[in-house]
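Observations on the model geometry
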Amino acid sequence: MRLPTDEEPVVVVEGDALDVLRALPVESIDAVVSDPPYGINTKSDGNGKLNPWADLCNAAYWYTAWIGECRRVLKPTGSMWCCFNWRGLPTLQKASCDLRWPIESLMIWDKCWIGPGGEKGLRPSYEVVALFAMPEFAITNRGLPDVQRFQWSAHKPHGHPAEKPLDLMRFCVKHGSPVGGVVLDPFGGSGTTADACVREDRLCLTVETDAMFAAVARRRVADAMGGALLAPVPS
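Here the structure is a predicted model, which is why all the values come from computation and not from measurement. Numbering of residues starts from 1 in each chain and follows the order in which that chain's sequence is written. In keeping with the model being predicted, local features are shown solely for residues with a pLDDT of at least 70 and side-chain atom pairs are shown and tallied solely at 80 or more, while totals for entire chains, interfaces and linings include all residues. With hydrogens and water excluded, all non-hydrogen atoms of the structure serve as input to the side-chain values.

Some words on the overall build of the protein
Operational definition: A run of DSSP states H or I qualifies as a helix once it reaches four residues; a run of E qualifies as a strand once it reaches two. Both are numbered from the N-terminal end. For each residue, the accessible area found with a 1.4 Å probe, counting protein chains only, is set against the maximum for its type, and the residue is called buried under 20%, exposed over 50%, and partly exposed in between. Surface accessibility in these figures is a Shrake-Rupley result with a 1.4 Å probe; residues are shielded only by whichever protein chains are displayed.
Helix and strand content of the protein: 6 helices and 9 strands. Looking at the protein as a whole, 49% of its 235 residues are labelled buried. For the protein, the exposed area adds up to about 11,700 Å²; of that, 54% sits on carbon and sulfur atoms.

Rendered as structure tokens:
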């Protein structure tokens, strides 16, 4: 598996995240900025199952696997930023405990927009980003608060249903890695992290299992770089 270089600053790989992660060298990545599947549809709804906690524990096995690989490939100065929502906190927390890699802090992402909700509860206006820190990592700006506001809406500019705002990913890239560092996104989607890396002067390896969105990511990166379309890279 080739890493990005100054000559090829962004590499978009079509493949499974775990397969690609396992092929990467130890301590080769400066930061992981990830927006993994939230697993909302894997939880029990209470109908026909006695213990919905088992579903969350099963989901945590997969989270433990890929997060463990991320820690293996991160440099001692590295960090991992993982997007999720409140329903996924038990799964992420269990994976963190199983790996004995504690969540350093939680950033509340205020969307400055009220999303759709059910008939009984409050309508959601935030999601969360968990920061995992390697032993020698520290955020340079010690004045950064754990609530950050990045405007978002129901419109997803590049068509991915779980697309995140570019400014959110730029924040994570900027504060999670050094200029010129290598950022890994195991769940690349439409290429938001890769786009952020181009704009923040970082190198990026992004992985996407869906060929359609891998193509979207390549086009998006090409537009951000003002150059030719990237060639497909198999895992």
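Remarks on the pattern of salt bridges
Side chains bearing opposite charge may pair, as long as their charged atoms lie close to each other. The condition is simple: Whenever Lys or Arg places a side-chain nitrogen within 4 Å of a carboxyl oxygen from Asp or Glu, that contact is recorded as a salt bridge.
Inspection of the entire model under this criterion finds 14 salt bridges. Two residues, Arg72 and Glu69, come together in a salt bridge whose shortest N-O distance is 2.8 Å. Of this pair, Arg72 and Glu69 both sit in helix α2 (residues 53-73), separated by 3 residues, roughly a single helical turn. Sharing partners across several salt bridges, the network here consists of Asp35, Lys111, Glu127 and Lys164.

A closer look at the packing of aromatic side chains
Quick reminder of the rule: Working definition: rings of Phe, Tyr and Trp (its six-membered ring) pair if their centres are within 6.5 Å, and the pair is stacked with planes under 30 degrees apart, edge-to-face with planes over 60 apart, and tilted otherwise. Think of it as a cone above the ring: NZ of Lys or CZ of Arg counts as a charge over the ring if it is within 6 Å of the ring centre and within 35 degrees of the ring normal.
Throughout the structure, instances matching the rule amount to 8 aromatic pairs. Centroid distance Tyr63 to Trp66: 5.6 Å. Interplanar angle 50°. Geometry classified as tilted. With Tyr63 and Trp66 both in helix α2, this residue pair falls 3 residues apart, about one helical turn. Trp66 carries the same exposure label as Tyr63, and that label is buried. One aromatic cluster in this structure is built from Trp62, Tyr63, Trp66 and Phe187. Positioned above the aromatic ring of Tyr61 is the side chain of Lys94, whose terminal nitrogen or guanidinium carbon lies 5.9 Å from the ring centre. In this structure, Lys111 is placed above the aromatic ring of Trp109, and the distance from its NZ or CZ to the ring centre is 5.3 Å.

Let's talk about the pairing of strand β4 (residues 103-110)
The criterion, for reference: Only strands joined by at least two bridges in the DSSP assignment are considered to pair.
Sheet topology note: the β4/strand β5 (residues 126-133) ladder contains 7 bridges and is antiparallel. Paired with Ile103 across the bridge in β5 is Phe132. With 3 bridges connecting them, β4 and strand β6 (residues 147-149) associate as parallel partners. Among the inter-strand pairings, Trp109 is bridged to a residue of β6, identified as Gln148.

Some remarks on the nonpolar core
Filter applied, for reference: Take the buried residues of types Ala, Val, Leu, Ile, Met, Phe, Trp, Tyr and Cys, join any two whose side-chain atoms come within 4.5 Å, and each joined set is a nonpolar core. Between two residues, a contact is recorded if the distance between any of their heavy atoms is within 4.5 Å.
Counting 62 residues, the largest nonpolar core has Trp66, Ile67, Met80, Trp81, Leu92 and Leu184 as its most contacted members. Ignoring sequence-local partners within four residues, the contact set of Ile67 consists of Met80, Leu92, Ala95, Leu99 and Trp101.

Overview of unusual backbone geometry
If you check the backbone angles, Cys112 has positive phi at about 55° while not being a glycine. As for its position among the elements, Cys112 is in the loop between β4 and β5. Taking relative accessible area as the criterion, Cys112 reaches 37% and is therefore assigned partly exposed.

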